[in-house]
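Given next are the chains, with one letter for each unit.
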Amino acid sequence: MGILLKKRKAIEQTGNINKIAYVNLFIALSTASITTIWALYINSFVGSTVATGFVSGFLTLISFISFFAIIPLIEKSNKNKLVAISLSILIIFYIILSINKSFYIFLLIAVILTITQTIRLTTIGIIVKNKSQKGQLIQNEGLIYTFLNLGWVIGPLIGGYVAARFRLNSVFLIGAIFITIALLIFKSEKIKDGKIKKKTDNNIIKNFKDFFRNKERIVAYFINGGSLSWWILIYLFVPIHIVNSGLGAKFVGYFLFAVALPLILTEYKLAKLTSKYGFKKMFRIGISITIVFTIIAFFLTNIYLILLSLIFAAFGMAILEPTAESYFLEILKENEISRFYGPFYTTHDLNQFVIKIISSLILLTLPFKFLFLFFSLMLFIMLILTMKMKEVTETDN
């Protein structure tokens, strides 16, 4: 009887993970569609690239603070209810934004949406961890990221088409539709995660200090944010280089589609290898692959060969994306997950802020190709940091 109950539980957990993957697919379709026009939408109010940057920076700050501020809420709340509420809030406010014409209403809603997104990201991540069987977390993360990347390939095409065919605000309606589908899938599966803590950690400053007091968490934090910041090169700077090389904006779409294919095709399979060989070894392989092909791009002059080299570099990122998050969850104690998983996400905000500034300063004085050297150097530093990683395979936990 015990074996049958375990088998039934395993089947239920697998079904839950599959459903969460579908939920994330539609969330990614929504987010990617809206991200396509987000900067343009802000600019339509403020009329300045600089002001748009300030608004975006302000929301990044809100996001950073929120990941620490929501810790008590995450700890004491039912996770599946938080996901359902956060998705419902997104639907309502996306619909409002589709008809909104006031900058101040937009700014208020943007703050609410930013906080809501931090809650949703944290709770879904915790659910994936809690619903994963022993030794299956990295494979489940690989599946989740495969569906996420599929959404990020298709989403910009949808957002761009709707914005061009109708108007910018219409994209928010499309985003609301995708989130509605995600909510229906989530509710239909009746995914449950009722793990709560009776004693919550309410002190934001203490949470911040305690998070960075542990060496293993610090290493995981910076390796994750530093290595995945390679995508800044791909999504922010390379499109500009493509246009400046005379290929046109349409070719940017082709490249961004192609560079995501290695992740969609291999992430799940590579995640299985991580379960077998361990996080540390796979981290090094992934970072090394990306470094090699990014350096090759520095020495090339033909734009087509440069882009091809970067597409091959993305195979390394296919290893890093699910591995980085899974490693952090594996080194956490069970009673630390609700407290520290959210703050872990701030690594993206912090690293992207710093790296964007450094990259912009490089472009003020040096040719574009030196960005390839900078990002290779950054990844090499992450490679050195892997020496400080704990030796972990999922079978150890």
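Conventions adopted
- Along each chain, residue indices are assigned from 1 in the same order as the chain's sequence is written.
- Given that this is a predicted model, residues contribute local features only at a pLDDT of at least 70 and side-chain atom pairs are listed and counted only at 80 or more, while totals for whole chains, interfaces and linings are drawn from all residues.
- Here the side-chain values reflect all heavy atoms present in the structure, with hydrogen atoms and water set aside.
- Numbered from the N terminus, helices here are DSSP runs of H or I no shorter than four residues, and strands are runs of E no shorter than two.
- Exposure is judged per residue with a 1.4 Å probe applied to protein chains only, and the accessible area is read against the type maximum: over 50% gives exposed, under 20% gives buried, and values in between give partly exposed.
- Contacts are assigned to residue pairs that have any heavy atoms within 4.5 Å of one another.
- Note that accessible areas follow from Shrake-Rupley with a 1.4 Å probe, and for residues the cover is restricted to the protein chains shown.
- Stacked, tilted and edge-to-face pairs are distinguished by plane angle, under 30 degrees for stacked and over 60 for edge-to-face with tilted covering the rest, among Phe, Tyr and Trp rings (Trp via its six-membered ring) whose centres lie within 6.5 Å.
- What counts as a salt bridge is simple: a side-chain nitrogen of Lys or Arg found within 4 Å of a carboxyl oxygen of Asp or Glu.
- Residues grouped as a nonpolar core are buried Ala, Val, Leu, Ile, Met, Phe, Trp, Tyr and Cys residues, joined through side-chain atoms within 4.5 Å.
- Convention adopted: a line fitted to C-alpha atoms gives each axis, helices being fitted over their contacting stretch, and angles between N-to-C directions are expressed from 0 to 180 degrees.
- Each crossing is labelled by how the near helix is turned from the far one, with a counterclockwise turn of less than a right angle marking it left-handed and a clockwise turn marking it right-handed.
- Three residue categories are used. Nonpolar comprises Ala, Val, Leu, Ile, Met, Phe, Trp, Tyr, Cys and Pro, charged comprises Asp, Glu, Lys and Arg, and polar comprises the others, including Gly.
- Residues with no salt bridge and a relative accessible area higher than 30% make up the patches, which join like charges within 9 Å and nonpolar side chains (Val, Leu, Ile, Met, Phe, Trp, Tyr) within 5 Å.
- Between 65 and 115 degrees an angle is taken as roughly perpendicular, under 35 as roughly parallel, over 145 as roughly antiparallel, and anywhere else as oblique.
- Helices are assigned an expected span. That span is 1.5 Å times one less than the residue count.
- Pairing of N or O atoms within 3.5 Å defines a polar contact, subject to two protein rules: one partner must be a possible hydrogen donor and the other a possible acceptor, and residues neighboring in sequence count only if both atoms are side-chain atoms.
- Every residue gets a pLDDT, meaning the predictor's confidence in that residue, from 0 to 100.

Attention now moves to the overall build of the chain. Regarding its fold elements, the chain presents 16 helices and zero strands. Counting across all 397 residues of the chain, residues that qualify as buried make up 53%. Pairs at least 24 residues apart make up 84% of the contacts formed inside the chain by residues separated by at least 6 positions. As presented, the chain carries roughly 18600 Å² of accessible surface, and 68% of it is formed by carbon and sulfur atoms.

Another point: the packing of aromatic side chains. Scanning the entire structure with this criterion turns up 30 aromatic pairs. With a centroid separation of 5.3 Å and an interplanar angle of 55 degrees, the aromatic rings of Phe68 and Phe208 are classed as tilted. Of this pair, Phe68 sits in helix H2 (residues 49-69) while Phe208 sits in helix H8 (residues 204-211), and the two are 140 residues apart along the sequence. Ring plane angle 85 degrees and centroid distance 5.0 Å describe the contact between Phe298 and Phe299, whose orientation is recorded as edge-to-face. Cluster of aromatic residues (ring-pair linked, three or more members): Trp38, Tyr41, Phe45, Tyr94, Phe103, Tyr104, Phe106 and Phe172.

Under the defined criterion, the tally for this structure stands at two salt bridges. A salt bridge links Lys206 to Asp210; the shortest N-O distance between them is 2.8 Å. Here Lys206 and its partner Asp210 are both found in helix H8, four residues apart, which amounts to about one turn of the helix. Looking at Lys206, the relative accessible area reads 44%, which means it is partly exposed. The buried category is assigned to Asp210, whose relative accessible area is 9%. Ionic contacts of the salt-bridge type, sharing partners, join the residues Lys206, Asp210 and Arg213 into one network.

Attention shifts here to the side chain of Ser98. Tracing the backbone through its elements, the reader meets Ser98 in helix H4 (residues 79-99). On the basis of relative accessibility, which here comes to 2%, the residue Ser98 falls in the buried class. Other than its neighbours up to four places away in sequence, Ser98 contacts Arg167, Asn169, Phe172 and Leu173.

This next bit is on the nonpolar core. In this structure, Tyr94, Trp230, Leu233, Phe255, Phe283, Leu310 and Phe375 are the most contacted members of the largest nonpolar core, which totals 115 residues. Ranked by residue count, the leading element in this core is helix H13 (residues 303-331), at 16 residues. Setting aside its immediate chain neighbours within four residues, Tyr94 contacts Ser30, Ile34, Leu113, Gln117, Phe172, Gly175, Ala176 and Ile179.

Attention now goes to the packing of helix H9 (residues 215-228) against helix H14 (residues 337-344). At their nearest, the axes of H9 and H14 sit 11 Å apart, and the two run at 35 degrees to each other. Crossing of H9 over H14 shows right-handed handedness. Contact residues: Arg217, Ala220, Tyr221 and Asn224 in H9; Phe340, Pro343 and Phe344 in H14. Of the residues assigned to the contact of H9 with H14, the class counts are five nonpolar, one polar and one charged.

Residues Phe222, Leu350, Phe353, Val354, Ile357, Ile358, Leu361 and Leu364 make up a contiguous nonpolar surface patch of about 720 Å² in total accessible area. Tallying contributions element by element places helix H15 (residues 346-365) first for the nonpolar patch, with seven residues. Mapped onto the elements, Ile358 comes out in helix H15.

Looking at where Ile291 falls in the secondary structure, it is placed in helix H12 (residues 279-299). Here Ile291 falls in the buried class, since its relative accessible area comes to 9%. Taking C-alpha positions, Ile291 is 7.1 Å from Phe380, a pair spaced 89 residues apart along the chain.

So, about H14. Among the eight residues of H14, eight are classified as buried, and the element is accordingly described as predominantly covered. Considered for burial, the residues of H14 that qualify are Ile337, Ser338, Arg339, Phe340, Tyr341, Gly342, Pro343 and Phe344.

To continue, consider the packing of H9 against H15. Any two packed helices are characterised by how steeply their axes cross, that is the angle between the axes, and by the distance between the axes. Viewed as axis vectors pointing N to C, H9 and H15 meet at an angle of 55 degrees, and their least axial separation amounts to 8 Å. Judged by the inter-axis angle, H9 sits oblique to H15. Between H9 and H15 lies a crossing whose hand is right-handed. Listed contacts from H15 to Tyr221, Phe222, Asn224, Gly225, Gly226 and Leu228 of H9 are Thr346, Thr347, His348, Leu350 and Asn351. For the contact of H9 with H15, the residue count by class is four nonpolar, seven polar and no charged.

So, about H13. Side chains that are three or four residues apart share a direction in an α-helix, a result of its 3.6 residues per turn. The terminal C-alpha atoms of H13, which comprises 29 residues, lie 42 Å apart, in line with the 42 Å expected from a rise of 1.5 Å per residue. Of all 29 residues making up H13, 24 are buried, and the element is well covered by its neighbours. Where H13 starts, the residue carrying a side-chain oxygen 2.8 Å from the main-chain nitrogen of Tyr304 turns out to be Asn302.

Bringing the confidence of the model for the chain into the picture now. On average, residues of the chain carry a pLDDT of 82, and 89% of them reach 70 or more. A low-confidence stretch, residues 1-14 stays under pLDDT 50, and its non-local contacts, those more than four residues away or across chains, total four contacts.

Quick look at the environment of Ile234 now. Relative to the assigned elements, Ile234 resides in helix H10 (residues 230-244). Put simply, Ile234 and Leu256 are 22 residues apart on the chain and 7.8 Å apart in space, counted from C-alpha to C-alpha. Beyond its immediate chain neighbours, meaning those up to four positions away, Ile234 contacts Pro239, Phe255, Leu256, Val259 and Leu310.

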